[in-house]
Amino acid sequence: MEFKDHVCELLNTIDVCQVFFDITVNFDLTKNYLDLIITYTTLMILLSRIEERKAIIGLYNYAHEMTHGASDREYPRLGQMIVDYENPLKKMMEEFVPHSKSLSDALISLQMVYPRRNLSADQWRNAQLLSLISAPSTMLNPAQSDTMPCEYLSLDAMEKWIIFGFILCHGILNSDATALNLWKLALQSSSCLALFRDEVFHIHKAAEDLFVNIRGYNKRINDIRECKEAAVSHAGSMHRERRKFLRSALKELATVLSDQPGLLGPKALFVFMALSFARDEIIWLLRHADNMPKKSADDFIDKHIAELIFYMEELRAHVRKYGPVMQRYYVQYLSGFDAVVLNELVQNLSVCPEDESIIMSSFVNTMTSLSVKQVEDGEVFDFRGMRLDWFRLQAYTSVSKASLSLADHRELGKMMNTIIFHTKMVDSLVEMLVETSDLSIFCFYSRAFEKMFQQCLELPSQSRYSIAFPLLCTHFMSCTHELCPEERHHIGDRSLSLCNMFLDEMAKQARNLITDICTEQCTLSDQLLPKHCAKTISQAVNKKSKKQTGKKGEPEREKPGVESMRKNRLVVTNLDKLHTALSELCFSINYVPNMVVWEHTFTPREYLTSHLEIRFTKSIVGMTMYNQATQEIAKPSELLTSVRAYMTVLQSIENYVQIDITRVFNNVLLQQTQHLDSHGEPTITSLYTNWYLETLLRQVSNGHIAYFPAMKAFVNLPTENELTFNAEEYSDISEMRALSELLGPYGMKFLSESLMWHISSQVAELKKLVVENVEVLTQMRTSFDKPDQMAALFKRLSSVDSVLKRMTIIGVILSFRSLAQEALRDVLSYHIPFLVSSIEDFKDHIPRETDMKVAMNVYELSSAAGLPCEIDPALVVALSSQKSENISPEEEYKIACLLMVFVAVSLPTLASNVMSQYSPAIEGHCNNIHCLAKAINQIAAALFTIHKGSIEDRLKEFLAKYVVFLIGIWMQSSEYLF
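Everything numeric in this text was worked out from a predicted model, so none of it was measured.

A short note on the overall build of the protein chain
And then number 1: Scanning the protein chain from terminus to terminus reveals 42 helices and 8 strands.
And then number 2: For a compact globule of 978 residues, the expected C-alpha radius of gyration is about 30 Å, and the protein chain comes in at 45 Å, more than 25% above that figure.
And then number 3: Its C-alpha atoms give the protein chain principal-axis dimensions of about 145 × 90 × 60 Å.
And then number 4: The buried share of the protein chain, reckoned over its 978 residues, is 51%.
And then number 5: Contacts in the protein chain between residues far apart in sequence, at least 24 positions, make up 76% of those at least 6 positions apart.
And then number 6: Roughly 47700 Å² of accessible area belongs to the protein chain as shown, and the carbon and sulfur atoms make up 54% of that amount.
And then number 7: Here the protein chain contributes 97 positively and 118 negatively charged side chains, and the mean placements of these two sets differ by 6 Å.

Spelled out as structure tokens, the structure:
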């Protein structure tokens, strides 16, 4: 109510003073007058759209009564206003009859501005609008206009003024052809106007409904219908062509200014005109997209809108970056030209009252005092006082009885409007950017915003402009108002969530493209694997021996590298398309290092980095092709080839985006050397460790695979049930080296620890068997020189075969570990030869008298580098963890000694096993008993290191018992053959 009262009072005062309005002369006064009327009209329309508004004001009055003990004194008037403004425009048409003269004068002053702004794209193109290079000779000349502020005035605002204004003072439409032409032109340009944010007003229907009840307005109704038809038929295509022109114009402007930023000084007007034009077209499209006629839907879908927004953002960035350049230019312009011209105009005034003269003199003095040194010193300029004085002066000189009438001195008004624009170029660049290019309206069109973004990503040629959408989120906070602080958090949260979503989707899209490229490269790398040359070699051998194999019509297999052969440049492969799409999208991700949205900083490159880390991790694990059901897994060498191909592609990403891909490799590959990654998912270390332990080594224990020392590999044995994999292809030296490359020292250490855990469990079972036979073994230990007694005691032993089997398993595991350690040593010697040689030197020069703890530290270092040690530190650690609290150290030591006795007296029984026959070809036995020696040596060394016994003495005792027992058996019975 108070606002309505103040508006009515102000409008009455303006009418009484007979204020002169002309947008080209007293721009600020006229613009603010028209804005006031439109704000008032909009508010009344929005009020009429509130459902249950009568109940709401009733509740307000009731609450006021409860709080203050009496009803609000304005309540009856408020209730009456709600009733009167049920049809707000009809009521306001009656209300504005006294104000028609002032309002129509202000609107008709747009006759030189609005038609010039509302031209077709062809007319813009013919006039070479916004082009800096169309006339090279005038490139350095300042962009001038008699109506500087009108050049970047919002077209949307002008259409609101014209349509709502002439509805309120509709009588002028019948008497003034200029007014009618303006009104019809505005009606033909749009189907709806924005009331507030996403609230729209359908102009044709509303105007027709208002005029239909007015006598003698049939002609106006026909005009409205014709304009509606024209808007439906032609407005969409006209605005589409404008956007098409503006894309090329803004691109040219941004390109020239990025190369020659000094042109921002003389051509600043062009920049703000371009921003304003583009902003108007984007808002028009956004507003009409949800309110479009179905028959012309294509005109309201613009898949290239991202390009236009992008060039707007580029121009905004140029203005922010080169603000000091513009300040230097316009400070000199104001002091060296504007001040002189204004002073001459003031001097030539025939009548100039004292107050006006003082204000004018202050303008001249303010401009004259400016210097470039102020810019260089970083001084903050503030011309708000000067602009406010000019606003006051417009009010003083626009009333009918003013001594100095602005209507009679138009040149003064136009000159001052130009000066005001120049001052804004010095102290209000940010405000100017908001005024001409603010797109915070997207905050309230979230669905359309997201749809435009998706269309941008789907079109490869537009994906390079996708960064424009996150940048638009930086605009959102400018739509907040200090009178409504409650919505700051809501709008801020929306801007953050949308920005995060856009950057995340861009990173996902880039990640998917990179993944597709990696897949293609992995396929090409796979073609170079040695296994694929077998067929070529076979064909060559058969051709040499003149053997005919295969069908005659069988096509010849393409050799690797064929994909790089091009018959002409028009041939585009899938890989070419992927690289093109990736380069376009990466341009967008790399466009800005970071952006600030509601005091939160977003870094687009970090989104890509995090997505690459996640995808690289999943891809590495996926490329192992591990199948738990069938226990199938990729060969380490093939996985290594694929990983290297993947890494090569990822390294090439640095050519597109400034990201540290080495950091990605370090984060991902180091996690793959652990049992679980940072997300708790299994890694290639855990998958391969599990496969070698549970699949390969388990089949060794089952007798299907044997360790061949001559080949340094595990090999399948001929059995009834053929295995699904060839053990040699997973355990030869090349595969173990590939495994070491993949897992690294940390992963190989985890593999060793897992192997040692299995060995420790076998040793625990052996100790149980020793405890079961402790009495017999104790006697045998002291009776090894009595063959008869030894033979009798041997017959009392139980689980002899179990002891040998478990020791064989231990030997096999240790043999596998020696292969892994040797491969690790080879790999590290290649990568860090100087460090490995230093470790070897440490190990080889340990003095005999060195404390065992110090020696074990050196052994642990050596073992981590893959070097063989006299005492295996990993085995010592594993067996140390088995110490029982119920058994004394002396008892543990005794069990260890008796274990060696048990093994010694059990060995001769292997002679009766057919599988124990030695094979010179493989330098071993098919039942893997050749691994027993390694098991005995390593177990004895570890156990007696733990119990601080003499390893040498215990092994001598072992050999003595074994030899004596063996001779005794041979002498007593001919059944045993040695």
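So, next bit.
Some thoughts on the domain arrangement of the protein chain
And then number 1: When the domains of the protein chain are assigned, the result is domain 1 (1-49 + 97-129 + 140-438) and domain 2 (745-975).
And then number 2: Averaged C-alpha coordinates put domain 1 and domain 2 at centres separated by 93 Å.

Re the pairing of strand β6 (residues 713-716)
Within a regular beta strand, the side chains point alternately toward one face of the sheet and then the other, so they alternate between its two faces.
And then number 1: Across 4 bridges, the pairing between strand β5 (residues 705-708) and β6 is antiparallel. Following the sheet pairing, A706 is matched in β6 by V715.
And then number 2: Remark: 4 residues form the turn of the hairpin made by β5 and β6, two consecutive strands paired antiparallel; K712 in that turn has positive phi of roughly 50°.

As for the pairing of strand β1 (residues 192-196)
And then number 1: Counting buried positions over the 5 residues of β1 gives 4, a clear majority of the element.
And then number 2: What sits between β1 and strand β2 (residues 199-202) in their antiparallel hairpin is a turn of 2 residues, with R197 showing a positive phi close to 55°.

Things to note about the packing of helix α29 (residues 636-652) against helix α30 (residues 661-672)
And then number 1: Where α29 meets α30, the axes come as close as 9 Å, and the angle between the chain directions of the two elements is 145°. Facing α29, whose interface residues are M647, L650 and Q651, α30 presents I661, F665 and L669.
And then number 2: Considering only residue class, the contact of α29 with α30 consists of 5 nonpolar, 1 polar and no charged.

Concerning the nonpolar core
And then number 1: Ranked by internal contacts, the top residues of the largest apolar core, which has 241 residues, are L250, F272, F442, F616, L696 and F714.
And then number 2: Shared between two domains, this core takes at least three residues from each, and those domains are domain 1 (1-49 + 97-129 + 140-438) and domain 2 (745-975).
And then number 3: Residue contacts for L250: discarding those within four places in its chain leaves L130, A274, A278, L308, Y311, M312 and L315.
And then number 4: F27, L34, Y85 and L195 belong to the second-largest nonpolar core, a separate cluster that totals 66 residues.

A closer look at the packing of helix α36 (residues 800-831) against helix α41 (residues 932-946)
And then number 1: Two numbers describe how α36 lies on α41: the axes approach to 7 Å, and their chain directions differ by 90°. Judged by the inter-axis angle, α36 sits roughly perpendicular to α41. Contacts from L804, M807, T808, I810, G811, L814, S815 and S818 in α36 reach L932, K934, A935, I936, Q938 and I939 in α41.
And then number 2: Taken together, the residues of the contact of α36 with α41 sort by class into 8 nonpolar, 5 polar and 1 charged.

Here's the deal with helix α33 (residues 733-772)
And then number 1: Compared with an ideal rise of 1.5 Å per residue, which puts 40 residues at 58 Å, α33 spans 41 Å between its outermost C-alpha atoms and falls more than 12% short.
And then number 2: Along its length, α33 shows its largest kink, about 105°, at G744, and proline P745 lies within four residues downstream of that point.

Quick notes on the side chain of H925
And then number 1: Its location among the elements puts H925 in strand β8 (residues 924-925).
And then number 2: In contact with H925, not counting residues within four places along its chain, are M915, S916, Q917, Y918 and H930.

With respect to the packing of aromatic side chains
And then number 1: Scanning all chains against the criterion turns up 38 aromatic pairs.
And then number 2: Look at F164 and F201: their rings are 5.0 Å apart centre to centre, the planes differ by 45°, and that puts the pair in the tilted class. Taken as a pair, F164 in helix α10 (residues 155-168) and F201 in strand β2 lie far apart in primary sequence, 37 residues in all.
And then number 3: A relative accessible area of 1% places F164 in the buried class.
And then number 4: Where F449 meets F502, the ring centres are 5.0 Å apart and the plane angle is 85°; that geometry is what we call edge-to-face. Residue F449 is found in helix α23 (residues 446-458), and its partner F502 is found in helix α25 (residues 487-526); the two are separated by 53 residues along the sequence.
And then number 5: Here the aromatic residues Y688, W691, Y692, Y707, F714, F725, Y730 and F816 are joined through ring pairs into a cluster of three or more.
And then number 6: A cation over an aromatic ring shows up here: K267 above the ring of F270, its NZ or CZ 5.4 Å from the ring centre.

Cut-offs applied
- Starting afresh in each chain, residues are numbered from 1 along the sequence in its written order.
- Reporting in this predicted model follows two pLDDT cut-offs: at least 70 for local features of residues, and 80 or more for side-chain atom pairs to be given and counted; totals over whole chains, interfaces and linings ignore these cut-offs and use all residues.
- The basis for every side-chain value is the complete set of heavy atoms in the structure, and neither hydrogens nor water enter the calculation.
- Numbering goes from the N terminus for both helices and strands, where a helix is a DSSP run of H or I of at least four residues and a strand is a run of E of at least two.
- In this treatment the radius of gyration is a C-alpha quantity, and the globule benchmark scales as 2.2 Å times the residue count to the 0.38 power.
- Between buried and exposed lies partly exposed: a residue is buried under 20% and exposed over 50% of the maximum accessible area for its type, with that area taken using a 1.4 Å probe on protein chains only.
- We call two residues in contact whenever any of their non-hydrogen atoms come within 4.5 Å of each other.
- Computed with the Shrake-Rupley method and a 1.4 Å probe, the accessible areas treat only the protein chains shown as cover for residues.
- A positive count includes Lys and Arg, and a negative count includes Asp and Glu. His and the chain ends are not counted in either.
- Where a charge lies is defined by one atom per residue type, namely NZ (Lys), CZ (Arg), CG (Asp) and CD (Glu).
- Marked domain ranges trace back to an automatic or database domain assignment.
- When DSSP finds two or more bridges between a pair of strands, those strands are recorded as paired.
- Structural elements are reduced to axes, namely lines fitted to C-alpha atoms, with helices fitted over the stretch in contact, and the angle between N-to-C directions of any two is expressed from 0 to 180 degrees.
- The nonpolar class holds Ala, Val, Leu, Ile, Met, Phe, Trp, Tyr, Cys and Pro. Asp, Glu, Lys and Arg form the charged class, and all remaining residues, Gly among them, are polar.
- For our purposes a nonpolar core is just a set of buried Ala, Val, Leu, Ile, Met, Phe, Trp, Tyr and Cys residues, chained together by side-chain atoms within 4.5 Å.
- If an angle is under 35 degrees, it is roughly parallel; if it is over 145, roughly antiparallel; if it lies from 65 to 115, roughly perpendicular; otherwise it is oblique.
- To estimate how far a helix should extend, the number of its residues minus one is multiplied by 1.5 Å.
- The reported bend at a residue is simply the angle between two axes, fitted to the 7 residues ending at it and to the 7 residues beginning with it.
- When the centres of two rings from Phe, Tyr and Trp lie within 6.5 Å, Trp using its six-membered ring, the rings pair. Their planes under 30 degrees apart give stacked, over 60 give edge-to-face, and anything left gives tilted.
- Two conditions define a charge located above a ring, namely a distance within 6 Å from the ring centre to NZ of Lys or CZ of Arg, and an angle within 35 degrees of the ring normal.

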